[in-house]
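What the coordinates show
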Amino acid sequence: MQRMTALFSAALLTAGLFSAQAAFAQDPAQDPAQDPAAAPEQQAAPAQDFSDQELQQFADASQEIAMISQEYTERLQGAEDEATQQEVRMEANDRMVEVVEDSGLDVDTFNAIGHTIQQDPQMMQRVQEMAEQS
């Protein structure tokens, strides 16, 4: 159970990082670090009701993302300069987006589920149980 929580934590952290990087790559003005007023808007998203299928897709994708995160964290630590670090981040981002999309979810839905389960312990439990059954 602790292993699953760690996987979800890594996946959620990574998902937040790659969504922020993707937003920054598309429009630097939307980066919360650059525009503090944008951050409360993103955090104030209302809780949504997700289907069991979406939650299962999230659980499956989260497990793969956790593994990608671990792999790329090691590569990032070994990067020699900022340009190499940025290249590693972008490659990790691309792989994580691919995993999410291959799961049948879009990145926005994946991130919305991630945000919701951070706020809803019962939903977190459901997703963990789904992941354990996979």
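Residues numbered from 1 in each chain as written. Predicted model: local features only at pLDDT ≥ 70, side-chain atom pairs only at ≥ 80, totals over all residues. Heavy atoms only, no water.

The name an unreviewed UniProt entry assigns to the chain is DUF4168 domain-containing protein, from the organism Franzmannia qiaohouensis.

Of regular secondary structure, the chain possesses six helices and zero strands. In sequence order, the secondary structure elements of the chain are arranged as α-α-α-α-α-α. Here the analysis covers contacts within the chain between residues at least 6 apart in sequence; of these, 77% occur between residues at least 24 apart. Working note: accessible area of the chain is about 8100 Å², and carbon and sulfur atoms make up 48% of it. (Helix = DSSP H or I, 4+ residues; strand = E, 2+ residues; numbered from the N terminus. Contact = heavy atoms within 4.5 Å. Areas by Shrake-Rupley, 256 points an atom, 1.4 Å probe, with all protein chains shown as cover.)

Let us now look at the nonpolar core. By size, the foremost hydrophobic cluster in this structure holds 25 residues, and its most contacted members are Leu-55, Phe-58, Phe-110, Ile-113, Ile-117 and Val-127. Every element with two or more residues in this core is listed here: helix H3 (52–78), helix H4 (82–102), helix H5 (107–119) and helix H6 (121–133). Ranked by residues supplied to this core, first place goes to H3 with seven residues. (Core = buried A, V, L, I, M, F, W, Y, C linked by side-chain atoms within 4.5 Å. Buried < 20%, exposed > 50% of the residue type's maximum accessible area, 1.4 Å probe, protein only.)

What follows is about the confidence of the model for the chain. Of all residues in the chain, 65% attain a pLDDT of 70 or more, and the chain-wide mean is 76. Averaged over each element, pLDDT in the chain is lowest for helix H2 (residues 38–43) (41) and highest for H4 (93). Considering only residues more than four positions removed or in separate chains, one finds that residues 1–6, a stretch of pLDDT under 50, has eight contacts. (pLDDT = per-residue confidence, 0-100.)

On the surface, Glu-64, Asp-94, Glu-98, Glu-101, Asp-102, Asp-106 and Asp-108 cluster together into a patch of negative charge. Per-element accounting of the negative patch gives the leading share, four residues, to H4. Following the sequence through the fold, Glu-98 ends up in helix H4. Its relative accessible area of 48% is what places Glu-98 among the partly exposed residues. (Patch = residues over 30% accessible without salt bridge, like charges linked within 9 Å, V, L, I, M, F, W, Y side chains within 5 Å. Salt bridge = Lys/Arg side-chain N within 4 Å of Asp/Glu carboxyl O. Lys, Arg positive; Asp, Glu negative; His and termini not counted. Charge placed at Lys NZ, Arg CZ, Asp CG, Glu CD.)

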